[in-house]
Amino acid sequence: MSAKLVFLGRLEELAGTDGISVDVPLGWAALLAHLEEHYTPDLVETVAGVRVKVALNGALIAEKGGVVLAEGDELAFLPPVSGG
Amino acid sequence: MSAKLVFLGRLEELAGTDGISVDVPLGWAALLAHLEEHYTPDLVETVAGVRVKVALNGALIAEKGGVVLAEGDELAFLPPVSGG
Amino acid sequence: MSDVRLLTSGFDPAAELSAFTAAHPQAGGIVSFLGQVREGAGCEALELRHYDPLTLPAMQDLATRVRGRWALDGLLVIHRSGVMLPAEPIVLVAAAARHRRDAFAAADFAMDHLKSESWFWKREKTGGQWRWIEPREQDFEDIARW
Amino acid sequence: MSDVRLLTSGFDPAAELSAFTAAHPQAGGIVSFLGQVREGAGCEALELRHYDPLTLPAMQDLATRVRGRWALDGLLVIHRSGVMLPAEPIVLVAAAARHRRDAFAAADFAMDHLKSESWFWKREKTGGQWRWIEPREQDFEDIARW
């Protein structure tokens with residue numbers, strides 16, 4: 001059972017990939033711990049920061065700390081946009 | 001010896017022509033008298049009014065009452081513009 | 001340099017805008033305004049008259065003022081004179097600039113001043129009758145914004 | 001109805017604008033904004049990334065807001081994603097309206113909001129190196145005008 005994490009913009013560079021698969025169920029704190037274990041501290045700090053928004057299955061989430069990922073979910077990390 | 005009068009916009013309709021020839025020298029008062037004699041009172045009243053500007057040989061004139069036409073002059077009567 | 005033209009026959013706005021864009025590859029943004037004879041408003045034809053000694057020189061003066069006020073890479077002003085049918089183009093203004101705001105403001109300003117101050121007289125044919133158009137109050141309000 | 005498109009390959013702004021104009025003969029005025037990759041600024045290529053579940057829906061929402069705020073005959077919003085070279089078009093917005101002011105305001109508003117709020121992430125290639133672009137302060141100032 002897995003969910004997908006998607007890294008947009010420069011988060012892709014920080015993660016070294018545009019997306020990964022994670023085992024579920026997975027809460028926010030466990031998700032950060034997973035990123036800390038496998039990726040750079042920069043990535044964790046940035047996705048946890050106020051400037052990065054998250055979308056769960058295409059819907060923006062007001063409180064990312066409350067996220068719990070279930071089977072088939074897609075969680076996208078959205079840094080500030082830089083326009084067209 | 002003659003000068004040309006040019007009627008723009010709806011003045012052309014009032015005058016029934018887009019331009020006429022007049023004998024010179026011709027001052028402003030004599031010009032109005034000439035128009036009164038040959039055209040409608042409406043035309044005279046309109047060209048004498050504050051809303052109609054005049055250009056002598058392509059240059060706008062601040063005080064049309066001071067105009068004296070000489071040989072070869074072109075005096076244009078310019079009603080308010082109605083844009084593009 | 002600005003490209004300012006007074007035309008007495010039809011023009012192709014898409015081709016003009018395309019050429020203008022190609023001429024300014026260093027501009028990040030191009031704002032254009034196209035005015036055309038409205039179809040379906042009961043107007044059968046529109047005629048614009050101009051006065052040769054004044055009309056084009058005043059359009060060129062306006063272009064110079066616009067260039068002095070905003071940082072533009074290019075400015076295009078094309079205005080028709082003569083008889084036009086519904087859906088035919090009347091006026092095309094385009095401003096190319098590094099910054100979007102400059103391009104918008106320059107095109108907007110140029111149009112307001114073309115409409116309210118340029119030496120054009122307009123008449124419309126409706127129901128087979130030609131009728132001269134008086135200046136619109138809106139034009140004076142538009143120009144007072146600047 | 002508005003025509004809102006997110007494209008992953010090139011488009012021809014002149015042809016799009018021409019088709020849009022032809023589709024709205026009842027509009028007196030059409031304002032357009034074309035954004036293109038600037039040539040000569042040292043940028044070798046530009047890449048825009050988007051996120052499928054969010055980007056186009058948000059563009060459609062923006063179009064709906066614009067239509068609700070101004071009286072338009074038509075609205076066109078085309079935005080590229082992917083890699084673009086200098087002089088290639090990035091974005092085209094066009095607003096057709098009976099009244100000139102509505103068309104200008106609608107296109108201006110749409111561009112400010114596309115630039116500052118749309119789900120695009122941009123990187124530039126200069127000197128052979130790709131670099132992500134941070135949001136510009138100017139974009140926030142632009143949007144605060146409305």
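Structural notes, computed from the coordinates. (Residues numbered from 1 in each chain as written. Chains lettered and ligands numbered in written order. Predicted model: local features only at pLDDT ≥ 70, side-chain atom pairs only at ≥ 80, totals over all residues. Heavy atoms only, no water.)

Quick look at the packing of helix H3 (residues 100-117) of chain C against helix H4 (residues 137-144) of chain C now. All names here are of chain C. It is at 9 Å that the axes of H3 and H4 come closest, and there the two elements cross at 140°. On the basis of the axis angle, H3 is oblique to H4. Judged by the twist between their axes, the crossing of H3 over H4 is left-handed. Together, Asp112, His113, Lys115, Ser116 and Glu117 of H3 and Asp139, Asp142 and Ile143 of H4 make up the contact between the two elements. Here the residues of the contact of H3 with H4 are counted per class, giving one nonpolar, two polar and five charged. (Axes fitted to C-alpha atoms, helices over the stretch in contact; angles between N-to-C directions. Helix = DSSP H or I, 4+ residues; strand = E, 2+ residues; numbered from the N terminus. Parallel < 35°, antiparallel > 145°, perpendicular 65-115°, else oblique. Left-handed = near helix turned anticlockwise from the far one by under 90°. Contact = heavy atoms within 4.5 Å. Nonpolar A, V, L, I, M, F, W, Y, C, P; charged D, E, K, R; others polar.)

Across all of its chains, the model carries 14 aromatic pairs over all chains by this definition. Considering the side-chain rings of C:Trp70 and C:Trp146, the 5.8 Å spacing of their centres and the 85° angle between planes classify their relative orientation as edge-to-face. With C:Trp70 in the loop between helix H2 (52-69) and strand S4 (74-80) and C:Trp146 in the segment after H4, this pair connects stretches of sequence that are 76 residues apart. The class of C:Trp70 is buried, set by a relative accessible area of 12%. Ring centres of C:Phe104 and D:Phe33 lie 5.8 Å apart, and the angle between their planes is 10°; this geometry places the pair in the stacked category. Taken together, the residues C:Phe104 in helix H3 and D:Phe33 in strand S2 (residues 29-36) connect one chain to another. There is no split in this pair, since C:Phe104 and D:Phe33 are both buried. Through a chain of ring-to-ring contacts, three or more aromatic side chains come together here, namely A:Phe7, A:Trp28 and A:Phe77. Taking NZ or CZ as reference, C:Arg123 lies 4.4 Å from the ring centre of C:Trp130, over its face. (Phe/Tyr/Trp six-rings, centres within 6.5 Å; stacked < 30°, edge-to-face > 60°. Buried < 20%, exposed > 50% of the residue type's maximum accessible area, 1.4 Å probe, protein only. Lys NZ or Arg CZ within 6 Å of the ring centre and 35° of its normal.)

Turning our attention to the sheet that holds strand S4 (residues 53-56) of chain B. Residue and element names in this part refer to chain B. The five strands lie next to each other as S2-S1-S7-S4-S5, forming an open sheet whose pairing is mixed. With partners counted over all chains shown, the strands left at the sheet margins are strand S2 (19-23) and strand S5 (59-61), one partner each. Each strand of the sheet is rotated relative to its neighbour by a mean of 30°, with strand direction disregarded. Here strand S1 (residues 2-7) runs beside S2; their pairing, made up of five bridges, is antiparallel. Along S2, the bridge assignment pairs Ala3 with Val22. Packed on one face of the sheet, helix H2 (residues 28-38) meets S1, S2, S4 and strand S7 (74-78) and runs near 70° to S7. (Pairing = 2+ DSSP bridges.)

Let us look at the interface of chain C and chain B. Every contact between the two is made by 21 residues of chain C and, on the other side, 20 residues of chain B. It is C:Tyr51, C:Trp121 and C:Trp132 that lose the most area in chain C upon contact with chain B, and together they represent 35% of the buried surface on that side. Linking chain C with chain B are two salt bridges, by the criterion used here. Here B:Glu12 makes a salt bridge to C:Arg49, at a shortest N to O gap of 2.2 Å. Our count for the chain C to chain B interface comes out at nine residue pairs in polar contact (both at pLDDT 80 or more). Mapped onto the side of chain C that touches chain B, the elements with two or more residues apiece are strand S3 (45-50), H2, H3 and strand S7 (120-126) of chain C. (Buried area = accessible area lost by both parts, 1.4 Å probe. Salt bridge = Lys/Arg side-chain N within 4 Å of Asp/Glu carboxyl O. Polar contact = N/O pair within 3.5 Å; in protein donor to acceptor, adjacent residues only side chain to side chain.)

Secondary-structure assignment places A:Ala76 in strand S7 (residues 74-78). Classification of A:Ala76 as buried rests on a relative accessible area of 0%. On a C-alpha basis, the gap between A:Ala76 and A:Asp18 in space is 9.9 Å, while along the polypeptide they are 58 residues apart. Excluding its chain neighbours within four sequence positions, the residues that come into contact with A:Ala76 are A:Val6, A:Leu8, A:Lys53, A:Val54, A:Ala55 and D:Tyr51.

Consecutive residues of a regular strand have side chains that alternate between opposite faces of the sheet. Here strand S1 (residues 2-7) of chain A runs beside S7(A); their pairing, made up of four bridges, is parallel. Among the inter-strand pairings, A:Phe7 is bridged to a residue of S7(A), identified as A:Phe77.

For the rest of this paragraph, the subject is the environment of C:Glu44. Residue and element names in this part refer to chain C. The topology assignment puts Glu44 in the loop between strand S2 (29-36) and S3. Here Glu44 falls in the partly exposed class, since its relative accessible area comes to 37%. Beyond its immediate sequence surroundings of up to four residues, Glu44 is in contact with Leu85, Pro86, Lys125, Thr126, Gly127 and Gly128. Polar contacts involving the side chain of Glu44 include one to the main-chain amide nitrogen of Gly127, which spans 2.8 Å. A polar atom in the side chain of Glu44 sits 3.0 Å from the backbone nitrogen of Gly128.

The next point concerns the interface of chain D and chain C. Contact residues are listed per partner, giving 33 residues for chain D and 33 residues for chain C. Roughly 3,000 Å² of surface becomes buried between chain D and chain C when both sides are summed, with 49% attributable to carbon and sulfur atoms. Where chain D touches chain C, the interface holds eight salt bridges. Here C:Arg100 ties to D:Asp142 by a salt bridge, and the two come within 3.1 Å at their closest N and O atoms. Summed over the shared surface of chain D and chain C, the number is 21 residue pairs in polar contact (both at pLDDT 80 or more). Mapped onto the side of chain D that touches chain C, the elements with two or more residues apiece are helix H1 (13-23), S2, helix H3 (100-117) and helix H4 (137-144) of chain D. In terms of residue class, the side of chain D that touches chain C is built from 13 nonpolar, 10 polar and 10 charged.

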